[in-house]
Amino acid sequence: MLILANVRERWSGFLGAFVAVLVGVALITTTLVIYDSARAEVQPRYEGTAALALPKQAVDADGSPEDRMPWSRSEAEPLVSGLAKVPGVAHAVVDRSFYAQAVKGGKPVTDEGAEEAGHGFASVRMAPYRLVSGHAPAAADEVVVDRDLGAAVGSELTVNITKGRERFRVVGTVDGPGYYFSEKFAAGQQPGVSNIALIPAKGADTGAIASGAKKVIGDSGSVVSGDGRSEPQPEYIEHKRFLGVQLISAMALLGLFTTVFVVASMLVLSTGMRRREIGLLRTIGASPKQIRRMILGEAAVVGLAGSIAGCLAGVAATPLLLSLLKGLDVTPPGMEITVAAWPLLTGSLVGIGVSVIGAWSAGRKAAKVAPIEALLDSRSANKGMGRGRWIAGLSVLGLGVLLAIGTATSTADNRINMAIFATMTLIVAAALLTPAFVGPVGRFLTAPFQRGGKAAPVLIRAELVANPRRAASLVAPVIAAVGFAVLLSGMVSTMRVAYPAGEALKVAGQTIVTPDGTPGNTDEVVADNPVGKAALPTRAFVEAKHGKNAENAENSENAGKPTVLDVLGSRDAKWNKPGEAVLGKKMAGDLGLKQGQEVPVRFADGTTVTLRVSQVLPDDPARGDFVVARDLVRAHDPAALTDDIFVPGDAKASAAAPGVALHDAAQYALADYDTDAKLTESLAMMLIVIAVGYSVIAVANSMAMAAHGRRRDFGVMKSAGGTVRQLLFTSAGETALVIVIGAALGVLVTLPPLAGMAAGLSEATSSDVGLHLNSGVVVVAIIGTLVAAVLAGAAVTSKTLKRQAV
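The following refers to the structure shown.

About the criteria used
- Residues numbered from 1 in each chain as written.
- Predicted model: local features only at pLDDT ≥ 70, side-chain atom pairs only at ≥ 80, totals over all residues.
- Heavy atoms only, no water.
- Helix = DSSP H or I, 4+ residues; strand = E, 2+ residues; numbered from the N terminus.
- Expected span 1.5 Å × (residues − 1).
- Buried < 20%, exposed > 50% of the residue type's maximum accessible area, 1.4 Å probe, protein only.
- Polar contact = N/O pair within 3.5 Å; in protein donor to acceptor, adjacent residues only side chain to side chain.
- Salt bridge = Lys/Arg side-chain N within 4 Å of Asp/Glu carboxyl O.
- Core = buried A, V, L, I, M, F, W, Y, C linked by side-chain atoms within 4.5 Å.
- Contact = heavy atoms within 4.5 Å.
- Axes fitted to C-alpha atoms, helices over the stretch in contact; angles between N-to-C directions.
- Parallel < 35°, antiparallel > 145°, perpendicular 65-115°, else oblique.
- Left-handed = near helix turned anticlockwise from the far one by under 90°.
- Nonpolar A, V, L, I, M, F, W, Y, C, P; charged D, E, K, R; others polar.

## Some thoughts on helix H5 (residues 206–217)
In an α-helix, one turn spans 3.6 residues; hence positions three or four apart end up facing the same way.
Turning to step 1, where the next piece is worked out: Taking 1.5 Å per residue, 12 residues should reach 16 Å; H5 reaches 16 Å between its end C-alpha atoms and fits that length.
Turning to step 2, where the next piece is worked out: The complete set of buried residues in H5 reads Ile209, Ala210, Gly212, Ala213 and Ile217.
Turning to step 3, where the next piece is worked out: One side-chain oxygen of the residue at the start of H5 lies 3.0 Å from the amide nitrogen of glycine 207, identifying that residue as aspartate 205.

## Quick notes on helix H8 (residues 288–327)
Turning to step 1, where the next piece is worked out: The terminal C-alpha atoms of H8 lie 54 Å apart, and with 40 residues this matches the ideal 58 Å at 1.5 Å per residue to within 8%.
Turning to step 2, where the next piece is worked out: Aspartate 329 lies just past H8 and shows a positive phi near 60°.

## Structural notes on the pattern of salt bridges
Turning to step 1, where the next piece is worked out: Following the criterion strictly, the structure yields 14 salt bridges and no others.
Turning to step 2, where the next piece is worked out: Of the charged contacts, one joins glutamate 524 and arginine 165 as a salt bridge, the two residues approaching to 2.6 Å between their closest N and O atoms. With glutamate 524 in helix H14 (residues 523–528) and arginine 165 in strand E11 (residues 164–174), the pair connects residues that are 359 residues apart, well separated along the chain.
Turning to step 3, where the next piece is worked out: In this structure, glutamate 580 engages arginine 612 in a salt bridge whose closest nitrogen and oxygen atoms are separated by 3.0 Å. With glutamate 580 in strand E19 (residues 580–584) and arginine 612 in strand E21 (residues 608–617), the pair connects residues that are 32 residues apart, well separated along the chain.
Turning to step 4, where the next piece is worked out: Under the relative-accessibility criterion, arginine 612 is labelled partly exposed at 34%.
Turning to step 5, where the next piece is worked out: Through salt bridges with shared partners, a single network forms among Asp67, Arg539 and Asp566.

## What about the nonpolar core?
Turning to step 1, where the next piece is worked out: Ranked by size, the top nonpolar core spans 60 residues in total, and within it Ile34, Met251, Phe261, Leu325, Ile427, Ile479 and Phe484 carry the most contacts.
Turning to step 2, where the next piece is worked out: Among the elements of the structure, helix H2 (11–37), helix H6 (235–272), H8, helix H11 (412–446), helix H13 (468–506), helix H18 (665–709), helix H20 (724–765) and helix H21 (775–805) are those that each provide at least two residues to this core.
Turning to step 3, where the next piece is worked out: Those residues in contact with isoleucine 34, other than ones at most four positions away along the chain, are Ile248, Thr318, Leu321, Leu322, Leu325 and Met335.
Turning to step 4, where the next piece is worked out: Counting 23 residues, the second largest nonpolar core, distinct from the first, contains Ala540, Leu565, Val609 and Phe626.

## A look at the packing of helix H3 (residues 73–84) against H5
Turning to step 1, where the next piece is worked out: Relative orientation of the contacting elements H3 and H5 amounts to 150°, with a least axis distance of 9 Å. In terms of their interaxial angle, H3 and H5 are classed as roughly antiparallel. In this structure, the crossing between H3 and H5 has a hand that is right-handed. Contacts between H3 and H5 pair Leu79, Gly82 and Leu83 from the former with Ala213, Val216 and Ile217 from the latter.
Turning to step 2, where the next piece is worked out: Taken together, the residues of the contact of H3 with H5 break down into five nonpolar, one polar and no charged.

Geometric descriptors of this kind do not, in isolation, establish any biological role.
What follows is the structure, encoded as structure tokens:
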């Protein structure tokens, strides 16, 4: 009851923490709802199936589950025959997907899913799609298409497939997307079988079908039904989902850190302003344990209230975030919001937990308040740095420096995360150590104004020197706001300069043939450009007899499973040798292979080929980690499309085939980076808005709380002759000085990680990369924080003075 009474009585003192929890929980709830809504769903083309039979799943080099390993034609035939005999199954359909894209007017028809748009006609039954006109394809040059394509039955249609442009006769149309060929033609495009769909008879029990199918499949694979049928997803949808998950994960992580940081600072500030009240409680017999329990209880109540409000606000804000993600094209098609219970419960637990954790430090200090404090000013104690804070601050600072150094030496995949973690660590260190130098800095900055005879500079200086911990609590959210603005905008600016420069240097003097409106280059394009690098990628599988998988066999449920890896088929004379493979050092180490050893490799058609490791070379992304002869890849993966083709300067590049563009080194570098840069910049701006916006709210709340807590001081100064204008000027001046100190620290803590990132990019791109800051974003962040803080402090000060006048 005492806790609830305290919260009701002192609601203005808890308002800042309540708002901080509300905003943090709203952000976390929104991202979790989006994450839950973005989960894989059963594709429309599988809606007419009872179950799907899938091959065994392989793992990557680290042991994480990855691609399914296709059955060969001989392995699949008895399985299809057995599945067709399962009671309740009307049809067992081999579902094949491969590249197919119509060409009209000399240009490929826009289609995000073109890489997997081709199928055998039997796959029509899975949706089920209806044959609107015509008949099923029988010959290799016949095709059934979506009626929305506008191709009439009997007309000729040019379709781009892996080989290049082919003429087909349209023999039918269906009411669904895709290109449907004869089963024989489809099997030639994708010989391996990665999915067998079971079409139920009318009124059949799907559960019984799934159980019967599992008996037929046995150890050869697995059977999924119900929501499990969502596993097979088109590559472009999986890519969008991956990008969206990465984005909202970054938002949730940033929101969680900012919430913990801001709420802890506010609760420390709020508790520090109650030392006289706590001293009075100690005088009338309250024990340290009771004081700690009271502080933690109040924080839990505030956290619960803020969490409830935050969950409601988060659900309300979810459509806005979804529309932003759709604008960035990082959501699966047709994604809709579904609000489950677990995001709300998780957000609430985070809000309450953060409040209690944030109050722990404040409660520990409050428990040490002596009864005599009741006779002293609330801010008379704890002026300096305690030993524990010094140790914690210096330790965190050392960790931050190590992370900043590690940013320069980390891999490209980890460099951004390392820079963010280093900045977070240095922000915490700066907040812990701020009381040690806020006084000296305040003296230095106010020194030029001391000779004017004005009282305001003297009062501002005295306040900072006398109450460094209160000033440090006000500075903390400013450090976070400016620090994240400088870091995120600086990262984008630095990468925009570094990556195109490094990429252009690598391909200088070459002409690059790139896909334009297609998912890759066809064999026709490769034939038109017979000179230069033309890597043909495929996914292949190696039995885990060596390497990390074998070493962890006893402790991993994935032990003994094949390892899936990216294999590149090369036409370079150095690597294009039948029966041989060239490995990078890391790949060879992961697989436990050495030069001269033989390794069985299973390709996409289910055929296993034994290759000899002819060379193990230093890692080179331009070469590839597992390189084999190009003809070998084409023989076992007829559906594979070729990557960008790099034509040397002494040869002429061709763009005769549709869906092709030519670039010089500079154009290629900029175009290649711009593809990811747009998303990166959008992500950075969203994170900046979140971090700065949240911190600005925290700064405004902190300044309002501080101004409210100093109402006695304002009364004394007014009694001594201070005018309202002078007091408002003093409040604004002190606030501005605190913002300047926080902004300076926010910039300083981000420079080491950004410098480390620039150094790492210089080495990775073999070019001179300097540290680049986005001055516009930094200025807006500082001015926005300053304006919000001054207005909040001035508003509360003005209101307090008016009440005192009344």
